[in-house]
Amino acid sequence: MSNAFLTPDQVGTESFFRLAIGFCTACTMVQQLEEVPRGKMFHTDYPYRSSGSALMRKHFEQAALHLLETELTGNDAFAVEIGSNDGVMLKTVKEAGVRHLGVDPSGGAADVATRKGIRVRVDFFEESSARLIRETDGPADVIYSANTISHIAYIDSILRGVEVLLAPNGVFVFEDRYLGDIIEHTYFDQIYDEHFYLFAVQSVQALAARFGFELVDVERLAVHGGAVRYTLARAGARTPRSSVREMLARERALGLADPATYAGFANNIAKIRADLVSLLRSLHETGHRVVGYGATSKSATVTNYCGIGPELVAFVCDSTPEKQGRLTPGSNIPVWSPAAFSNPYPDFALLFAWNHADEIMAKERRFRAGGGRWILYVPDVHIV
Ligand code: SAH
Ligand code: TYD
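Residues numbered from 1 in each chain as written. Chains lettered and ligands numbered in written order. Predicted model: local features only at pLDDT ≥ 70, side-chain atom pairs only at ≥ 80, totals over all residues. Heavy atoms only, no water.

Tyr-230, Leu-232 and Tyr-377 are the most contacted members of the largest nonpolar core, which totals 90 residues. It is helix 10 (residues 259-285) that contributes the most residues to this core, 9 residues altogether. A domain split of this core shows at least three residues from each of domain 1 (8-254) and domain 2 (260-383). Tyr-230 has contacts with Phe-172, Val-173, Phe-174, Tyr-178, Phe-199, Ala-200, Val-201, Val-204, Leu-215, Asp-217 and Val-218, leaving out every residue within four places of it along the chain. (Core = buried A, V, L, I, M, F, W, Y, C linked by side-chain atoms within 4.5 Å. Buried < 20%, exposed > 50% of the residue type's maximum accessible area, 1.4 Å probe, protein only. Helix = DSSP H or I, 4+ residues; strand = E, 2+ residues; numbered from the N terminus. Domains from an automatic or database assignment. Contact = heavy atoms within 4.5 Å.)

This next bit is on the pattern of salt bridges. The tally for this structure, following the rule as stated, stands at 16 salt bridges. Measuring nitrogen to oxygen at the nearest pair gives 2.9 Å for the salt bridge that ties Glu-127 to Arg-131. Residue Glu-127 and its partner Arg-131 are both found in helix 5 (residues 127-137); the two are separated by 4 residues, about one turn of the helix. A relative accessible area of 41% places Arg-131 in the partly exposed class. When the shortest N-O distance is used, the salt bridge between Glu-175 and Arg-229 registers 2.8 Å. Here Arg-229 lies in strand 10 (residues 227-234) and Glu-175 lies in strand 7 (residues 166-177), a separation of 54 residues in the sequence. Overall, the relative accessible area of 11% leaves Arg-229 in the buried class. (Salt bridge = Lys/Arg side-chain N within 4 Å of Asp/Glu carboxyl O.)

On to the packing of helix 10 against helix 11 (residues 297-306). Packing of helix 10 against helix 11 brings their axes to within 10 Å, and their N-to-C directions diverge by 75°. Compared by their axis directions, helix 10 and helix 11 come out roughly perpendicular. Here Ile-269, Ala-270, Arg-273, Leu-276 and Val-277 of helix 10 come into contact with helix 11, specifically with Val-302, Tyr-305 and Cys-306. A class-by-class count of the residues in the contact of helix 10 with helix 11 yields 7 nonpolar, no polar and 1 charged. (Axes fitted to C-alpha atoms, helices over the stretch in contact; angles between N-to-C directions. Parallel < 35°, antiparallel > 145°, perpendicular 65-115°, else oblique. Nonpolar A, V, L, I, M, F, W, Y, C, P; charged D, E, K, R; others polar.)

Another point: the pairing of strand 3 (residues 78-82). Counting buried residues in strand 3 gives 5 out of 5 residues, a clear majority hidden from the surface. Of the two faces of strand 3, the one carrying Phe-78, Val-80 and Ile-82 and the one carrying Ala-79 and Glu-81 are both buried. A crossover connection joins strand 3 to the parallel strand 4 (residues 99-103) through helix 3 (residues 90-95); in handedness this β-α-β unit is right-handed. Relative to strand 6 (residues 140-146), strand 3 is paired through 4 bridges, and the arrangement is parallel. In the strand pairing of strand 6, Ile-82 is matched with Ser-145. (Right-handed = clockwise from strand over helix to strand, strands pointing away. Pairing = 2+ DSSP bridges.)

We note that the domain assignment places domain 1 (8-254) and domain 2 (260-383) within the chain. On a C-alpha basis, the centres of domain 1 and domain 2 stand 28 Å from each other. On the domain 2 side, the residues contacting the 29 residues of domain 1 number 28 residues. With both chains or domains summed, domain 1 and domain 2 bury close to 2500 Å², and 66% of this area falls on carbon and sulfur atoms. Sorting the residues of domain 1 by area buried against domain 2 places Thr-186, Phe-188 and Asp-189 first, and these three jointly supply 27% of that buried surface. (Buried area = accessible area lost by both parts, 1.4 Å probe.)

Applying the stated criterion across every chain, the model contains 19 aromatic pairs. Each ring, one from Tyr-187 and one from Trp-354, has its centre 4.4 Å from the other, and the planes form 20°; the classification is stacked. Taken together, the residues span a long stretch of sequence, with Tyr-187 in the loop between helix 7 (179-184) and strand 8 (197-198) and Trp-354 in the loop between strand 14 (348-351) and helix 12 (357-363) at a distance of 167 residues. Of the two residues examined, Tyr-187 and Trp-354, each falls in the buried class. With 6.4 Å between their ring centres and 80° between their planes, Phe-199 and Tyr-230 make a pair best called edge-to-face. Within this pair, whereas Phe-199 is found in the loop between strand 8 and helix 8 (201-210), its partner Tyr-230 is found in strand 10, the two being separated by 31 residues in sequence. Accessibility expressed as a relative area gives 0% for Phe-199, which makes it buried. (Phe/Tyr/Trp six-rings, centres within 6.5 Å; stacked < 30°, edge-to-face > 60°.)

We now examine the sheet that holds strand 11 (residues 290-293). Pairing is mixed in the open sheet, where 6 strands are placed in the order 13-12-11-14-15-16. A single partner strand is all that each edge strand has here, and the edge strands are strand 13 (335-336) and strand 16 (382-383). In the sheet, strand 11 pairs with strand 12 (residues 316-317) via 2 bridges, with the strands oriented parallel. Residue pairing in the sheet places Tyr-293 in a bridge with Cys-317 of strand 12. Where helix 10 meets the sheet, its contacts fall on strand 11, strand 14, strand 15 (373-376) and strand 16, and the angle it forms with strand 15 comes to roughly 150°.

This next bit is on the site of ligand 2. Around ligand 2 sit 18 residues in total, of which Tyr-48, Ser-297, Asp-318, Asn-355 and Lys-363 are the nearest. One nitrogen or oxygen atom from the side chain of Lys-363 is found 2.4 Å from an oxygen atom belonging to ligand 2. Surface burial for ligand 2 is 96%, taken as the share of its 560 Å² of free accessible area covered by protein chains. Those elements that provide at least two residues to the shell around ligand 2 are helix 11 and helix 12. Per-element accounting of the shell around ligand 2 gives the leading share, 3 residues, to helix 12. Along the lines of polarity and charge, the residues of the shell around ligand 2 split into 4 nonpolar, 8 polar and 6 charged. When residues of the shell around ligand 2 are sorted by domain, at least three fall in each of domain 1 (8-254) and domain 2 (260-383). (Near = heavy atom within 4 Å. Polar contact = N/O pair within 3.5 Å; in protein donor to acceptor, adjacent residues only side chain to side chain. Areas by Shrake-Rupley, 256 points an atom, 1.4 Å probe, with all protein chains shown as cover.)

Put into structure tokens, the structure is as follows:
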């Protein structure tokens, strides 16, 4: 599992699963074929912390401010966030004095949010917990979620929970990585256990309709290599914006409902694997030192799919204390603090956190100034 960073004594005890996606010709959903039990992924020690990136802190502050201005304007407005993690979004809602509740099963991340004064329920959001929240707190004007709904295989229960909890004119707003960008730029590393669904406007529209909701707005976001923010309202409650129609037309042009598109995607992925492995092997044979940068969830797919271990990438540096001193899942590459990067600088750095390229390259500008080179592998393998 992509966030199951191991302590050295856990080597050899890891669980594996088959990572493969399928396309439903009936509802156009793209999803994993095998489900990892949720308790294996999300628990007290889940290491991911949303606030680790300045870019994401800013992104979620803006998202919260927008909701505060447009939806959370009533006297006793109430916002619920599914997957609130360390409170990166709700912090701004809390500071505005607006009633809120974060729901997240990962106790460690929730503790961080609680210490910021944010109200969190350590739980999985689903139909049963939504009923309990509705009983104690009343209806929600906004149910918001980022990079979480795509993680939840039992999505029917989520939509039924939203149906129970949402106020009559409330909105369910969620954002997730966008299938269109994943296909267009061969972001194959966005496919990992937690990303159970790869949403597109076409599939979210069909999903909403099954539960009496309507997709009324979509917005393209630049984060995580390309995401979309979907706004759902109760069917008939709001007039859909033209953005929905426009994005659906774009998806038709991109062939997102055509199985041949997925065959082409598979070919592009295989080419990246061949190119990356051959580059790393030749660097190894010529005595160059390569380290990884960013122990991302995405890197689990890259290293395991390509068969990259510590012989090709000596270690990975990452700023998340919860990941440091551990080994990457499956590929067992040590994770060290970014302080190890310059001590001494490697010849090449494989940038697993390519979605934070600007932030990381600016922070590590001395590496390049001293002759170091970054290796990127999407949309194709290249050196900068
Ligand atoms: N919203 C944050 C966190 C995304 S990580 C961000 O965008 O950065 C996904 C989060 O979803 C994790 O914190 C995980 O614990 C949480 N999660 C997983 N299943 C959930 C569920 N059923 N209900 C609520 N949160 C869930
Ligand atoms: P993220 O982009 O959330 O990727 P994923 O969703 O695939 O897990 O993770 C970025 C990782 O990179 C995270 O573990 C923190 C790390 N990181 C650094 O080490 N230094 C940095 O400057 C930034 C921005 C991130």
